[in-house]
Amino acid sequence: MAKEKDINALINAKDSFIDESELALLEGFDSIESAIYRAVSKQIMSMNQKNGKLVFDPANITAINEINSIVVAAIQSSRYPSNVKSYLRNFDQVKDYNARIQSKVNDISYDELEALINPVQKAMIDKVMVDLTGQGIDVEFIRPLTEGIYRNLVSGATIEDLQRSISEVIKSNPERLGSFKRYVVRMSRDAMLQYDGQINSRIANEYGLDAFIYVGTIIRDSRPQCIQWLGKKVLKKSELPSLIDAAYNYGSGMIPGTTADNFAIYRGGYNCRHTAVPVKLTAAVKKQFGID
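Quantities reported herein were computed from a predicted structural model and do not represent experimental measurements. (Residues numbered from 1 in each chain as written. Predicted model: local features only at pLDDT ≥ 70, side-chain atom pairs only at ≥ 80, totals over all residues. Heavy atoms only, no water.)

**Remarks on the environment of Asn 118**
Counted only if it meets this: Counting from the N terminus, the helices are the DSSP runs of H or I reaching at least four residues and the strands are the DSSP runs of E reaching at least two. Relative accessibility under 20% of the residue-type maximum defines a buried residue, over 50% an exposed one, and the middle range a partly exposed one, all with a 1.4 Å probe and only protein chains included.
For Asn 118, the location among the structural elements is in helix 6 (residues 110-133). Using a relative accessible area of 33% as the deciding quantity, one classes Asn 118 as partly exposed. Considered as a pair, Asn 118 and Asp 92 are 26 residues apart in the sequence and their alpha carbons are 9.3 Å apart.

Here you go:
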């Protein structure tokens, strides 16, 4: 087994790559939000008005129903689809990082890991495509935006108030993210971290590995359970039920349904940035990490 520092270096490089992938997906997002806002604002200004307010009539209801396709067109004509394609290609690189880690930790070859992980990768990419370009955007962003405009129409809000309202929903500022960007940040972060965790979970189950090397850094808001597990360095699978129970009772942020079998996926809870690398608890591993 490779030295701990070499394993940590690879994991840190993988984590940095995941962070960079998320940032690249968000590149130019201000212009994307502005394009959406302009398209929606233009539609609103074309609607029937009286005394600075939209008129509640069939024509305006039809115009609101068209906003869905208007937003979709604005997104499709922006750089966002290209950013998503680039982001999806990064799943291959995460797999490669894990292959390099597993070759050092468990002597698993790249071909073995690829055959094991490719179905997981395809399923995750299909899901991310829906989340980032299809139904997910409709449910989390477009539909609430349209419903908000309709409520403003019914309540008799002024055009000025409506423009301010849609700006607050669509555009990000230093204090908060727009709803589209907030959704993309959450989904992209969850997708890459869950994919990384699924790789480790699949390996652990396939090869009957009985421990996890818990790796990562401690930051200001690290959870109590993660600080404890990082201090232990190696978590035996047999002790995970009690560790998970303790985290539920005395820690914070644990994901409901976390078990020893899915620990590599959920780890220390929501948005946990640590890695649980599966390993066989051999005599060499025990000696390296000082385990009895």
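**Focus on the packing of helix 3 (residues 58-65) against helix 7 (residues 135-155)**
Note the threshold: Inter-axis angles, ranging from 0 to 180 degrees, are taken between N-to-C directions of lines fitted to C-alpha atoms, where helices are fitted over the stretch in contact. Note on terminology: angles under 35 degrees are roughly parallel, angles over 145 are roughly antiparallel, angles of 65 to 115 are roughly perpendicular, and the others are oblique. Left-handed describes a crossing whose near helix is turned anticlockwise from the far helix by less than a right angle; the clockwise case is right-handed. Note on contacts: a residue pair is in contact if any heavy atoms of the two residues lie within 4.5 Å. Residues are grouped as follows: Ala, Val, Leu, Ile, Met, Phe, Trp, Tyr, Cys and Pro are nonpolar; Asp, Glu, Lys and Arg are charged; every other residue, Gly included, is polar.
Direction vectors running N to C along helix 3 and helix 7 enclose 160 degrees, while the axes themselves pass 10 Å from each other. Between helix 3 and helix 7, the crossing angle belongs to the class labelled roughly antiparallel. Along this stretch, helix 3 crosses helix 7, giving a crossing that reads as right-handed. The residues of helix 7 that touch helix 3, namely those facing Asn 60, Ile 61 and Ile 64, are Thr 146, Ile 149, Tyr 150 and Leu 153. When grouped by side-chain class, the residues that make up the contact of helix 3 with helix 7 number five nonpolar, two polar and no charged.

**So, the sheet that holds strand 3 (residues 211-215)**
Filter applied, for reference: Paired strands, in this sense, are two strands between which DSSP finds at least two bridges.
The three strands are arranged 4-3-5 in an open sheet whose pairing can be described as antiparallel. Sheet topology places strand 4 (234-236) and strand 5 (275-279) at the edges, where each strand pairs with a single neighbour. If you compare each strand with its neighbour and ignore which way they point, the axes differ by 30 degrees on average. Direction of pairing for strand 3 relative to strand 5: antiparallel, over a ladder of five bridges.

**Here's the deal with unusual backbone geometry**
Positive phi is not limited to glycine here, since Lys 233 has a value of about 70 degrees. Here the phi dihedral of Asn 271 falls at roughly 60 degrees; this positive angle occurs in a residue that is not glycine. As for its placement among the helices and strands, Asn 271 is situated in the loop between helix 12 (263-266) and strand 5.

**Description of the environment of Asp 19**
In this fold, Asp 19 is placed in helix 1 (residues 4-25). We classify Asp 19 as partly exposed; its relative accessible area is 33%. Residues Asp 19 and Arg 189, spaced 170 residues apart in sequence, show a C-alpha to C-alpha distance of 8.3 Å.

**Some remarks on the nonpolar core**
Where we set the bar: For this analysis, a nonpolar core means a set of buried residues of the types Ala, Val, Leu, Ile, Met, Phe, Trp, Tyr and Cys, connected via side-chain atoms within 4.5 Å.
One finds Ile 36, Val 40, Tyr 80 and Phe 180 to be the most contacted residues of the largest nonpolar core, which totals 71 residues. Here Ile 36 is in contact with Val 71, Ala 74, Ile 75, Phe 141, Ile 170 and Phe 180, once residues within four sequence places are set aside. Listed in part, the 17 residues of the second largest apolar core include Ala 204, Phe 212, Trp 229 and Leu 240.

**Structural notes on the packing of aromatic side chains**
Let me state the cut-off plainly: Centres within 6.5 Å are what make two rings of Phe, Tyr or Trp a pair, Trp counting through its six-membered ring; a difference in plane orientation under 30 degrees is then read as stacked, over 60 as edge-to-face, and the rest as tilted.
Counting across every chain of the model gives 12 aromatic pairs. Considering the side-chain rings of Tyr 214 and Phe 263, the 6.0 Å spacing of their centres and the 35 degrees angle between planes classify their relative orientation as tilted. Of the two residues, Tyr 214 sits in strand 3 while Phe 263 sits in helix 12, which places them 49 residues apart along the sequence. Note on accessibility: Tyr 214 and Phe 263 belong to one class, buried.

**Structural notes on a nonpolar patch on the surface**
Let me state the cut-off plainly: Surface patches are defined over residues having more than 30% relative accessible area and no salt bridge, joining like charges when they lie within 9 Å and nonpolar side chains (Val, Leu, Ile, Met, Phe, Trp, Tyr) when within 5 Å. Computed by Shrake-Rupley with a 1.4 Å probe, the accessible areas treat only the displayed protein chains as cover when residues are assessed. Here a salt bridge means any side-chain nitrogen of Lys or Arg lying within 4 Å of a carboxyl oxygen belonging to Asp or Glu.
A cluster of nonpolar side chains, namely Phe 56, Tyr 150 and Val 154, defines an oily patch on the protein surface of about 300 Å² accessible area. Within the secondary structure layout, Val 154 lies in helix 7.

Geometric values such as these leave the question of function open.
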